[in-house]
Amino acid sequence: MTTSSRSERLEETVFHPLRHTSRAWYVWAGFLAVVVVWGIFAYAVQLRRGLVETGMRNEVIWGFYITNFVFFIGISHAGTLISAILRVSQAEWRRPVTRMAEVITAVALMIGAIMPMVDLGRPDRIPNLILHGRLGSPVIWDLISITTYLTGSLIYLYLPMIPDLARCRDMFSGTAHRLRWKLYSVLSLGWQDTKEQRRRLERGIGVMMIVIIPVAVSVHTVVSWIFSMTMRSGWNSTIFGPYFVVGAIFSGTAGIITVMAIFRKLFHLEEYITEKQFRNLGLLLLALAAMYFYFTLSEYLTLAYKEEESEGALMRELMLGRYALAFWTFAIGGTIVPALLLALRPTRTIPGIVVASVLVNIGMWLKRFVIVVPSLGLPLMPADWAVYRPSWVEISITVAAFAGFALLFTLFAKLFPIISVWEVEEGWERETAGASPAESVPVPVPQVAGSGPRVPVMPARLATESLEVERDA
Amino acid sequence: MRRQPRLLPAFLSIAMGLAITSAGWLVSAPPAHADGNEVEKIRVEITDNGFNNDPDFTIEVAQGAVVEITFVWAQTMDLDDEHVIVLKGYGVETDKITYFNKESTLKFIADKPGSFELTCDVDCEIHDVLRRGHLKVGAGGSAGSGGGSASALTKTALSLTPSAWSVTSGPVILTASLKDAEGAGVPKAEVRFFVEADFAGTKGLREVGIADTDSTGMAQVVFQPTTEGTQRVLARFEGVGLYAESEQSVEVEAVGDLPTYSIAPASLEALRARAPFVVAAAVLAVWTAYGFAVYQAIRIVRSGSARAAETGRKG
């Protein structure tokens, strides 16, 4: 099959959802919108009556909202890992999944960043964080790092989309969809695939893929510091930074596998998202499961061995008490079982890997819950354990948060190509050039000046079109 | 005649000779220290141009000599000036020398060989020229650095008294009294206070504090016991000038609710003060990188517009 016909089929497959909207899409989007609206209603109730509508009280001041916050910030690391790290390391198999990973990052950060605001109870006090915030407070560090990461993630999502947005612009040119054409025209920044434009784009992506990695690591480290900078039992830990970062990449990788499986099925992307992507990400998930298991063992073994009075009580409550179900579901269902599914060859199939990643996501949400709540329930004075039972408001807002995540993803996939077409084509060109150089069309491979990592190049097809435009001119 | 008259002049001559020789010997011999060591007496004028009008003033003495340096006010300008001359390395210093208190003497045994700075320790008007004096102690002096000098030292006695022998929770004031052999207080002497402590199974001395004796030879520190039980507290004077070292220890009983530690940990304030700037620089660097990436996107628009305009013109 020629590169041209493959490209045409790729375009047809990827751009099809942009042009055609099925009844099922409306039903799905409508359902998600209803759940989100229900969540907004629940929040309105909380806003009107105060945090008394939640299960949070004087002792347990953080519950589902902060659990969701840590969870969403965690899975936002998918974009950094899949896109930036794999781009820097020139892993060719990344190409069909980079866009999805970047979208996960941006969407998860948006949802995650809302959660502390919901937790505040009084949103009118949010400006106080900026007006009266102290630089010595980890909450301010969090505000700075998440804002920085969200901005960087949006830039990093947007830049590699420009060539594909230009295709959308051309595709919708002269059609009845004037508004969408206008949107693509504005967002594609007048992309004509000239040499200068390519050079600029490569520079921009090259800088962002390097910068976004330490920013992503810093974000989850700072999130962990919100806990570990306190003297509370279970939080007073020196390994929380790396522990949270590994946990974030672990759940982020599981998140991208889940999303990949859904879009592969719905958008018929089997030809582009193959078993190779699942297998490689599955092996990565296995390695991360081993690392996360190691950190968990190190953290809890040292607590259990010392059994200092309050930490001993916390450990008993986690291992045998009221949080035992959540803890062991995470430990066995979210770490050991997925690791076995990924390690054993018969189960290391696409369904097996997807099941493992879904289990990891559930396990990691529970893990965040057992980090946040039990430490707050532990009495600091002679008193009984504080009890936390989430109210319907918190459950509704949590479900709405997940629905909002899915809805934003659904809308994105409706408006923009979910696979980076030009990057996949570029991969094919490189593959062809590497397999039979004599037959292939030479592709100019622009490089960023200096000895830094190679950055993505434009597909030969775009380059050829550019030459044609030049000839015409 | 008898020979007796001839013997008298001879006897007188011999006696006179002996007397002259003895007198000469007596006159020519340097002044000796009470213990038999030589005392090298040096008189130094503090002038407008430095020690003895010499900005690079240097005294040379032999190792082991007992040295007595008397500094004398000879300034003609800045009559309200004042000086405290210290000999670094020997830990001795003069009293305050002023127009009204014109003399002060340093007395010590030059037992350490080498070159030592002789300088004014206060911010005086002629400080520049009073910080370049030196004392050079040459090795291998007549008295030697061992027993001779040790025998020349004045014995001291240090007595230590706590404000309470049994402490319940608060601190205890440790008072040390340093006296010389004649029972006079030794002023300006550094006394160090220790408590016997257990460092992970190894016994040792943990410093509690340092204080200088006042004009009566008294020094005080506040000690907060941190462990229950009998605490052996020790005061030590390590010797300075002509004074020999001495020490004494006592036992204090500590009971009750004691604080965890008495010495506050070093403050991290200096680091804390700088941290926001480091963080701000890192955040600024990241946002600058974002700015660079966005700038590239803006240039994509510009180059696209330029290209479109060019195509339009050609068309």
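Residues numbered from 1 in each chain as written. Chains lettered and ligands numbered in written order. Predicted model: local features only at pLDDT ≥ 70, side-chain atom pairs only at ≥ 80, totals over all residues. Heavy atoms only, no water.

(A) Examining the overall build of chain B more closely. Assigned secondary structure in chain B consists of three helices and 17 strands. Looking at chain B residue by residue over its 315 residues, the buried ones come to 34%. Within chain B, contacts between residues at least 6 apart in sequence are counted, and of these 64% link residues at least 24 apart. (Helix = DSSP H or I, 4+ residues; strand = E, 2+ residues; numbered from the N terminus. Buried < 20%, exposed > 50% of the residue type's maximum accessible area, 1.4 Å probe, protein only. Contact = heavy atoms within 4.5 Å.)

(B) Structural view of the overall build of chain A. Assigned secondary structure in chain A consists of 18 helices and zero strands. Across chain A, the fraction of contacts at a sequence separation of at least 24, relative to all contacts at a separation of at least 6, is 81%. Carbon and sulfur atoms make up 67% of the accessible area of chain A, which amounts to about 20,800 Å² in all. (Areas by Shrake-Rupley, 256 points an atom, 1.4 Å probe, with all protein chains shown as cover.)

(C) Spotlight on the interface of chain A and chain B. Taken together, the contact between chain A and chain B spans 30 residues of the former and 21 residues of the latter. With both chains or domains summed, chain A and chain B bury close to 2,000 Å², and 73% of this area falls on carbon and sulfur atoms. At the surface where chain A touches chain B, the tally comes to four residue pairs in polar contact (both at pLDDT 80 or more). For the side of chain A that touches chain B, the secondary-structure elements that each account for two or more residues are α7 (138-158), α10 (195-228) and α18 (460-472) of chain A. For the side of chain A that touches chain B, the leading source of residues is α10(A), giving eleven residues. Of the residues belonging to the side of chain A that touches chain B, the class tally is 16 nonpolar, ten polar and four charged. (Buried area = accessible area lost by both parts, 1.4 Å probe. Polar contact = N/O pair within 3.5 Å; in protein donor to acceptor, adjacent residues only side chain to side chain. Nonpolar A, V, L, I, M, F, W, Y, C, P; charged D, E, K, R; others polar.)

(D) Broad picture of helix α2 (residues 23-49) of chain A. Residue and element names in this part refer to chain A. End to end, α2 covers 39 Å across 27 residues, agreeing with the expected 39 Å (1.5 Å per residue, within 8%). Looking only at α2, the buried set comprises Ala29, Leu32, Val35, Val36, Gly39, Ala42, Tyr43, Val45 and Gln46. Summarising the contacts, the buried residues of α2 are in contact with α3 (64-75), α5 (98-120) and α16 (392-415). Downstream of α2 by a residue or two, Gly50 has a phi angle that is positive, lying close to 95°. (Expected span 1.5 Å × (residues − 1).)

(E) Summary view of the sheet that holds strand β1 (residues 39-47) of chain B. Residues and elements named next belong to chain B. An order of β2-β1-β4-β7 is seen for the four strands of this open sheet, with the pairing classed as mixed. Each end of this open sheet is capped by a strand with a single partner; those strands are β2 (50-51) and β7 (103-109). In this structure, strand β4 (residues 66-73) lies alongside β7, joined through seven bridges in antiparallel fashion. Along β7, the bridge assignment pairs Ile69 with Leu106. (Pairing = 2+ DSSP bridges.)

(F) Seen up close, the sheet that holds strand β15 (residues 218-223) of chain B. All names here are of chain B. With respect to topology, three strands assemble into an open sheet ordered β10-β12-β15, the strand pairing being antiparallel. Either end of the sheet is taken by a strand with one partner, and the two such strands are β10 (156-162) and β15. The sheet shows a mean angle of 20° between the axes of neighbouring strands, taken without regard to direction. Pairing between β10 and strand β12 (residues 172-180): seven bridges, direction antiparallel. Each bridged residue has a counterpart across the sheet, and for Leu160 the counterpart in β12 is Ala176. (Axes fitted to C-alpha atoms, helices over the stretch in contact; angles between N-to-C directions.)

(G) Here's a closer look at a negative patch on the surface. Together, Asp78(B), Asp80(B), Asp123(B) and Glu125(B) make up a region of like negative charge exposed at the surface. Taking the relative accessible area as the measure of exposure, Glu125(B) reaches 56% and is therefore exposed. (Patch = residues over 30% accessible without salt bridge, like charges linked within 9 Å, V, L, I, M, F, W, Y side chains within 5 Å. Salt bridge = Lys/Arg side-chain N within 4 Å of Asp/Glu carboxyl O. Lys, Arg positive; Asp, Glu negative; His and termini not counted. Charge placed at Lys NZ, Arg CZ, Asp CG, Glu CD.)

(H) View of the pairing of strand β9 (residues 133-138) of chain B. All names here are of chain B. Side-chain alternation along β9 places Gly133, Leu135 and Val137 on a buried face and His134, Lys136 and Gly138 on a face that remains uncovered. Note: strand β3 (residues 58-62) against β9, five bridges, orientation parallel. Looking at β9, one finds that Ile59 is bridged to Leu135. In terms of strand pairing, strand β8 (residues 114-120) meets β9 through five bridges, oriented antiparallel.

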